[in-house]
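An overview of the molecular structure
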Amino acid sequence: MDLRVLKNRAIIKFFESMERWVYRRANLITVHSPGNKDHVVMKGVSPGKVEVMPNWVDTDFIAPGERMNGFREEHNLGDKFVVSFAGVIGYSQDIDVILGAADFLRDRDDILFLIVGDGVKKEGLAKKASSMGLSNVRFLPMQPREKYLSVLAASDVSLVALKKKVVTPVVPSKLLSIMAGGRPVIASLDLKGDAPKIIYKAGCGLAVEPENPESLAEAVLKLYSNPELCKEIGIKGRKYAVENFSPEVCVTKYEELFRSPLRRKGR
């Protein structure tokens, strides 16, 4: 809805009515963040019917790795300060703001913006970067799941970037993966959403207003200039992910959630 990709009002009304039908008949609704709970309650659902259950990230599979690894060697990254974006390059993701930040930092030869992934917007964005003469931006195709760990480990900072129009509360799975990998995050997105709140609470990075290349560039420079800060917030992010988003923690919460109505029924 935020992106206005679906424009047919009849279809939109159909899905909205289906949404309300499901809400009315559900005994319990789970959402992945407090903002999403508010969003559902605004649809007329009783607050007592909605529980916040965070998404989880596999903190055993995604764990901190060596920065100077085979991925850096394979792609001749050397000891550059790598600022990565890895994932889908679609309608919601704001790669334009990354290109804008790279433009501000084009004179910093040792800072590289690495955009890893595929999607409907990739080709046009790659052409834009080329037309802007951004030698500090490199595009790579989507990597296998196992190789994503090396991409993350090779990064000095990882990005989350969403368009300004994405105002429905979201906690991108990319954020949780970056935290689990022990890397600092810089998020360019709606500052009123739930993702910035997690970042501030965990102390795992910086959040800047969306579609503001200069602010993103300043955040990159802040971490680039302070290696100890990078290390510190990476450790904090990993700790918070393990304590709050690991499968063990989240599955335990779901088990308790499922047991509660059974206890009320005396089962």
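Structure report, in brief. (Residues numbered from 1 in each chain as written. Predicted model: local features only at pLDDT ≥ 70, side-chain atom pairs only at ≥ 80, totals over all residues. Heavy atoms only, no water.)

1. Side note on the nonpolar core
Ranked by internal contacts, the top residues of the largest apolar core, which has 34 residues, are Leu175, Met179 and Phe245. Per element, the largest residue contribution to this core is five residues, and it comes from helix 7 (residues 173–180). Beyond its immediate chain neighbours, meaning those up to four positions away, Met179 contacts Ile198, Ala202, Cys204, Gly237, Arg238, Tyr240, Ala241 and Phe245. In this structure, Val97, Leu206, Val208 and Ile233 belong to the second largest nonpolar core, which totals 32 residues. (Core = buried A, V, L, I, M, F, W, Y, C linked by side-chain atoms within 4.5 Å. Buried < 20%, exposed > 50% of the residue type's maximum accessible area, 1.4 Å probe, protein only. Helix = DSSP H or I, 4+ residues; strand = E, 2+ residues; numbered from the N terminus. Contact = heavy atoms within 4.5 Å.)

2. Remarks on helix 4 (residues 95–104)
Residues three or four positions apart in an α-helix share a direction because the helix packs 3.6 residues into each turn. For helix 4, the tally of buried residues reaches seven of ten residues, placing the bulk of the element in the interior. By the N-cap criterion, in which a side-chain oxygen at the helix start approaches the backbone nitrogen of a residue two or three places on, helix 4 is capped by Asp94, the distance to Asp96 being 3.3 Å. (Polar contact = N/O pair within 3.5 Å; in protein donor to acceptor, adjacent residues only side chain to side chain.)

3. Overview of the sheet that holds strand 6 (residues 157–161)
What the six strands build is an open sheet, ordered 5-4-3-6-7-8; its pairing is parallel. Only two strands of the sheet have a single neighbouring strand rather than two, namely strand 5 (137–140) and strand 8 (205–208). With strand direction ignored, the average angle separating the axes of adjacent strands in the sheet is 20°. Pairing analysis gives four bridges linking strand 6 to strand 7 (residues 185–188), with the strands arranged parallel. (Pairing = 2+ DSSP bridges. Axes fitted to C-alpha atoms, helices over the stretch in contact; angles between N-to-C directions.)

4. With respect to unusual backbone geometry
We note that Asn76 has phi near 55°; this positive angle belongs to a residue other than glycine. Examined against the element boundaries, Asn76 turns out to sit in the loop between helix 3 (70–74) and strand 3 (81–86). A positive phi angle is found at Glu211, which is not glycine, with a value near 55°. In this fold, Glu211 is placed in the loop between strand 8 and helix 9 (213–224).

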